[in-house]
Amino acid sequence: MSLTKNEFQILEVLSSVPERFSQRKLATASGLSLGTVNATLAQCTQKGLLDGYTVTDKGYEELEPYTVDNAVIMAAGLSSRFAPISYEKPKGLLRVRGEVLIERQIEQLLERGISDITVVVGYKKEYFFYLRSKYGVRIVVNPDYATKNNVSTLWRVRHLLGNTYICSSDIYYEENPFKRHVYQAYYASEHVDGPTNEWCMTTNKAGRITKVVIGGSNADIMLGEAYFDRTFSRDFVALLKSEYTNPETDSKLWEDLYVEHIKDFDMVIKLHPRGTIHEFDSLDELRGFDPDFIQNVDSDIFNNIVSVLGCDRSQIHDFYPLVDSLTNLSCHFAVGDDEYVYRHPGVGTEKMIDRAGEEAALRLAKELGLDSTFVYEDQKKGWKISSFVKNARQLDPHDPVQLERAMTMCRQLHECGATLERKFDFWDEGLHYEDLLLEFGPIDVPGYYELKEKVGRLRAYAAQDGYEPCISHNDFFYLNFLLDEDDNLNLIDWEYAGMSDPANDFGTFSVCCELSEDEANQAIDFYFGRPATFEERRHFWVFVVLAGWCWYVWSLEKEEEGDNIGEWLYIYYSYAVDYVDKILSWYEQA
């Protein structure tokens, strides 16, 4: 670098602010002392960089290596902590104090003459496309946003990194933080008093970041934009190329890679005035900054809550995401002292779930005392509101006492005498998922059709056993049981409920609770309230195979849609393939 830091600061201010300066004003604008400003002005004049307070052509030539090339705005993430608004639109597109977050940031960049702007998108990517025509930004799609962390975003734009701002789409800067020229790589920061769970930085006397830890007290935290100079970008791209394909990198932020190799990277801290950078981690935090946000936000979810509970938007608070199922998104919220759960239907579930049938089953379950949590479900769109069970415990299917309790509830449901219009048959359901799977092309999974043929044969045998259909839950396993503080048991999530063979629920329970063979046989005995006969046991085991096969085909289809089912794909497959021959032999040898 041919300019000293002080020389750069003086030239940067004089080149970017169109006003007449005195030394005192220049000291305030540059952050240097009056004495340092006086000495630096003399040095710059002597080198021909300044003529009075005007930057010369030579001065601009010396500034050129420090000119910002471009900016990358990361907008690919799910922002799951921002439920339920993030179910409807990406966080960066929220309107805060009258401005869309990402638009405000783009305009701040443009105000500083930075027009080469790339927005990297993933989740609900189409919502950002309008920015190209409105602002002339470049759109880059990150297809790995759901399976990799934001290191995948920088991987997608690694060829663009030079003198580059790295920004997040969901930050609100009260003051424009961007400059046309930047001296060296930095990470923005604010100082916080007291304990914090943020990333806390330690620096040396020159401001170089030497250590970063998560959590601390009275610390300078990572908050806001980062800036890569060309040296930093060159070295970081090299690091990306060496680390990106490692499986452990998938879950990492780009900051993780930087911190792990911090000794190899020269990056300084840039302290912003306190309270000028806002990164909202929750709706309640955003409402503290913009009290009118909840009232003004365009949200069907808020409209739904108001219409069902008869409350005002201002009364809704305490949002946080809950553990999502394989098919839906859910979040907690409260109205006054009452707590609820909002269920948002997952992508593609409208092709798989009969919502009218689910709603009818929920009303019946409440009447039977099996599910006291149900409040309301929209039959067309599939959203649902339930009461929140405080300090809920899940059923332990490997505890014989709780296993017996679950099987007793199962028998109670089956013998209630009620009926539903919907029917649920594992074989027909599996064929439906197979049709959806075939829309992606031929099924070339080894052994797929051989297993299907055996399962179909087994199903035909079971159909001759003479069991009449009864109302069944059909998603009957431990995650859908909630024990409250008074040990009351609720059976929730009735998406698949319908008239089925009474062994359906046992089959799902055995597979999804990963029961051993001995545990499954004990469960059959608990269901009947006595030792089961051979014929009863044989019939019930058929549905372990049918459940495994049905959910195996469902998993294959969901994986083709882009969902990551993980180990459950293998678990479902295993229960079908491990028992199909044995149960077939029980019928065929007989």
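Everything below is about the structure shown above.
Residues numbered from 1 in each chain as written. Predicted model: local features only at pLDDT ≥ 70, side-chain atom pairs only at ≥ 80, totals over all residues. Heavy atoms only, no water.

Engineer: So what exactly am I meant to see when it comes to the overall build of the protein here?
Structural biologist: Across its full length, the protein holds 21 helices and 23 strands. Structurally, the protein occupies a C-alpha span of about 105 × 55 × 45 Å along its principal axes. Taken over 590 residues, the protein has a buried fraction of 54%. Considering only intrachain contacts with a sequence separation of at least 6, the fraction spanning at least 24 residues in the protein is 70%. Element-wise, carbon and sulfur atoms account for 47% of the exposed surface of the protein, whose accessible area totals about 26600 Å². Across the protein, 58 positive and 98 negative side-chain charges occur, with their mean positions spaced 7 Å apart. (Helix = DSSP H or I, 4+ residues; strand = E, 2+ residues; numbered from the N terminus. Buried < 20%, exposed > 50% of the residue type's maximum accessible area, 1.4 Å probe, protein only. Contact = heavy atoms within 4.5 Å. Areas by Shrake-Rupley, 256 points an atom, 1.4 Å probe, with all protein chains shown as cover. Lys, Arg positive; Asp, Glu negative; His and termini not counted. Charge placed at Lys NZ, Arg CZ, Asp CG, Glu CD.)

Engineer: Sorry if this is basic, but what is going on with the nonpolar core here?
Structural biologist: One recurring pattern in soluble globular proteins: nonpolar side chains tend to sit buried together. Counting residues in each nonpolar core, the largest one holds 77 residues, and the members touching the most others are Phe 481, Trp 494, Phe 509 and Trp 551. Of all the elements, helix H20 (residues 534-561) adds the most residues to this core, at 15 residues. Every residue in contact with Trp 551, bar those within four places of it in the chain, is listed here: Phe 424, Phe 426, Tyr 433, Asn 474, Tyr 496, Thr 508 and Tyr 572. Ranked by size, the runner-up nonpolar core spans 33 residues in total, among them Leu 160, Val 212, Leu 240 and Ile 262. (Core = buried A, V, L, I, M, F, W, Y, C linked by side-chain atoms within 4.5 Å.)

Engineer: Would you mind going over the pattern of salt bridges with me for this structure?
Structural biologist: Close approach of charged atoms allows side chains of opposite charge to pair. Evaluated as defined, the whole model comprises 36 salt bridges. A salt bridge links Glu 225 to Lys 270; its shortest N-O distance comes to 3.8 Å. Here the residue Glu 225 occupies a position in strand S11 (residues 209-228), and Lys 270 occupies one in strand S12 (residues 268-271), the gap between them amounting to 45 residues. Judged by its relative accessible area of 0%, Glu 225 is buried. For Lys 270, a relative accessible area of 23% corresponds to the partly exposed category. Between Asp 525 and Arg 537 there is a salt bridge, with its nearest N and O atoms 2.9 Å apart. With a gap of 12 residues between them, Asp 525 in helix H19 (residues 517-528) and Arg 537 in helix H20 connect regions that are remote in the sequence. Its relative accessible area of 17% is what places Arg 537 among the buried residues. (Salt bridge = Lys/Arg side-chain N within 4 Å of Asp/Glu carboxyl O.)

Engineer: Any chance you could explain the sheet that holds strand S3 (residues 70-75) here in plain terms?
Structural biologist: Within a sheet, neighbouring strands are paired by backbone hydrogen bonds and run either parallel or antiparallel to one another. Across the sheet, seven strands lie side by side as S7-S6-S3-S8-S11-S10-S12; this open sheet has mixed pairing. Looking at strand neighbours, the two that pair on one side only are strand S7 (138-141) and S12, the edges of this open sheet. Averaged over all pairs of adjacent strands, the angle between their axes in this sheet comes to 35 degrees, without regard to strand direction. Sheet topology note: the strand S6 (residues 117-121)/S7 ladder contains four bridges and is parallel. (Pairing = 2+ DSSP bridges. Axes fitted to C-alpha atoms, helices over the stretch in contact; angles between N-to-C directions.)

Engineer: Just checking my understanding: could you explain the environment of Val 140 for this structure?
Structural biologist: Locating Val 140 in the fold gives a position in strand S7. Residue classification places Val 140 among the buried positions, given a relative accessible area of 15%. Separated by 22 residues in the primary sequence, Val 140 and Thr 118 have C-alpha atoms spaced 7.0 Å apart. For Val 140, the contacting residues outside a window of four places in its chain are Thr 118, Val 119, Val 120, Val 121, Arg 156 and Val 157.

Engineer: Teacher, can you tell me more about the side chain of His 278 here?
Structural biologist: Within the fold, His 278 resides in strand S13 (residues 277-279). For His 278, a relative accessible area of 15% corresponds to the buried category. Within the local environment of His 278, its side chain forms a polar contact with the side chain of Glu 174, the two groups lying 2.5 Å apart. Beyond its immediate stretch of four places on either side in the chain, His 278 contacts Asp 170, Ile 171, Tyr 172, Glu 174 and Phe 289. (Polar contact = N/O pair within 3.5 Å; in protein donor to acceptor, adjacent residues only side chain to side chain.)

Engineer: I tried to follow the sheet that holds strand S14 (residues 316-321) on my own but got confused; where do I start?
Structural biologist: Taking strand neighbours across the sheet as the criterion, the five strands line up as S14-S15-S16-S18-S17 in an open arrangement whose pairing is antiparallel. Every other strand in the sheet has two partners, leaving S14 and strand S17 (374-377) as the edge strands with one partner each. Neighbour-to-neighbour, the strand axes of the sheet open up by a mean angle of 25 degrees, direction not taken into account. Of the strand pairs in this sheet, S17 and strand S18 (residues 384-387) are connected by three bridges, and their pairing is antiparallel. Across the sheet, Phe 374 pairs through a bridge with Ser 386, a residue of S18. Strand contacts of helix H13 (residues 300-309): S14, strand S15 (328-335), strand S16 (338-345), S17 and S18, with the helix running at about 130 degrees to S16, the strand carrying the most contacts.

Engineer: Please clarify how the pairing of S18 should be interpreted in this entry.
Structural biologist: Every other side chain in a regular strand lies on the same face of the sheet, so the side chains alternate between the two faces. Direction of pairing for S16 relative to S18: antiparallel, over a ladder of four bridges. By the bridge assignment for S18, Tyr 340 is matched with Ser 387. Where S17 hands over to S18, the hairpin turn is made up of six residues, of which Gly 382 adopts a positive phi near 90 degrees.

Engineer: Whenever I open this one, the pairing of S15 confuses me. Can you help?
Structural biologist: Most of S15 is tucked away: seven of the eight residues are buried. As paired strands, S14 and S15 are joined by four bridges and run antiparallel to one another. Considered in S15, the bridge of His 317 is made with Ala 334. Examined bridge by bridge, S15 and S16 share eight bridges and lie antiparallel to one another. Within S16, the residue paired with Cys 331 across the bridge is Tyr 342. Two successive antiparallel strands, S15 and S16, enclose a turn made up of two residues, where Gly 336 displays a positive phi of approximately 65 degrees.

Engineer: Please clarify how the packing of helix H18 (residues 504-512) against H20 should be interpreted in this entry.
Structural biologist: For any two helices packed against each other, the geometry is given by the interaxial angle and the distance between the axes. Remark: H18 packs on H20, axes separated minimally by 7 Å, with the N-to-C direction vectors making an angle of 65 degrees. Like other packed secondary-structure pairs, H18 and H20 cross with a definite hand, here right-handed. Contact residues: Asn 504, Phe 506, Gly 507, Thr 508, Ser 510 and Val 511 in H18; Phe 540, Trp 541, Phe 543, Val 544, Ala 547, Gly 548 and Trp 551 in H20. Residue composition of the contact of H18 with H20, grouped by class: eight nonpolar, five polar and no charged. (Left-handed = near helix turned anticlockwise from the far one by under 90°. Nonpolar A, V, L, I, M, F, W, Y, C, P; charged D, E, K, R; others polar.)

Engineer: Got a minute to help me understand unusual backbone geometry in this structure?
Structural biologist: Comment: phi is negative for the bulk of residues other than glycine, and the bulk of peptide bonds are trans. Backbone torsion omega between Ala 83 and Pro 84 reads 5 degrees, so that peptide bond is classified as cis. Assignment of secondary structure puts Pro 84 in the loop between S3 and helix H5 (85-88). Positive phi, close to 50 degrees, is recorded for Arg 97, a residue that is not glycine. Within the secondary structure, Arg 97 is located in the loop between strand S4 (95-96) and strand S5 (99-100).

Engineer: I would appreciate a short explanation of the side chain of Asn 504 in the present structure.
Structural biologist: Along the chain, Asn 504 turns up in helix H18. Residue class for Asn 504 comes out buried when judged on its relative accessible area of 1%. Polar contacts involving the side chain of Asn 504 include one to the side chain of Asn 474, which spans 3.0 Å. Excluding anything up to four places from it in sequence, Asn 504 contacts Phe 424, Phe 426, Asn 474 and Phe 543.

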